[in-house]
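Descriptive structure summary
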Amino acid sequence: MSDSKKYPISPYFEIKNNHPWYLDAEIDDLSLYNQNFKVVLQTITKNENINKGWRDEDLESNIQLLLLIDYEELEVWKYPVDLSFDKLSLKEDVVSFNENSRIALYFEDDQAVMRKLGYLPKEDTLQVHNIMAELPNYKIATYLTGGPYKKLTFEDDELQIDNGFEEFRLNILIY
């Protein structure tokens, strides 16, 4: 597992602990843009070699996991929560800000195609609009939960691996 830290780390938790002013929001209805989200995950998986160490054979031979034999059960998630989604941007759907305006989150893929991932909650629109107006060089940090995981259990000193899946959730910090 030690070489699984080669992907870019999101500063999400560092900002929440050390930055005095930020907006923390969960993307609404991530499943509505499922195809775009799949492309993002494929891009990240390819660019960051996420699959390395994820296969059952890799997990069975991972000495760090095997040392955890004292635990009854362990979940190993494919996508680390602190994975950085590079090339994120925010855009308003309505050019002039009004009560119907929504802020969408976009990801720029390897072919420079902007892919909509979803919307920020409506109640955060005014604050995000103000951040975008006041901080033209605002930054976005990510926190991803869910996705495929493997449940590792040890029974009679034998490693058992079961596959599972939990719905994706994407939180972002705008600062």
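What comes next concerns the included structure.

Brief notes about the pairing of strand β5 (residues 114–119)
Judged from the 5 bridges that link them, strand β4 (residues 103–108) and β5 form a sheet pairing that is antiparallel. Residue pairing for β5: Phe107 is matched across the bridge by Arg115. The hairpin formed by β4 and β5 contains 5 residues between the paired strands, and Ala112 there has a positive phi angle of roughly 65 degrees.

Quick look at the sheet that holds strand β6 (residues 140–155)
Overall, antiparallel pairing links the 4 strands, which are arranged β1-β7-β6-β2 in an open sheet. Bordering the open sheet on either side are β1 (23–26) and β2 (73–77), each of which pairs with just one other strand. For this sheet, the mean inter-axis angle between neighbouring strands, taken without regard to orientation, is 35 degrees. Bridge count for β1 against strand β7 (residues 158–174) is 4 bridges, and the pairing is antiparallel. In the strand pairing of β7, Asp24 is matched with Leu173.

Cut-offs used in this document
Residues numbered from 1 in each chain as written. Predicted model: local features only at pLDDT ≥ 70, side-chain atom pairs only at ≥ 80, totals over all residues. Heavy atoms only, no water. Pairing = 2+ DSSP bridges. Helix = DSSP H or I, 4+ residues; strand = E, 2+ residues; numbered from the N terminus. Axes fitted to C-alpha atoms, helices over the stretch in contact; angles between N-to-C directions.

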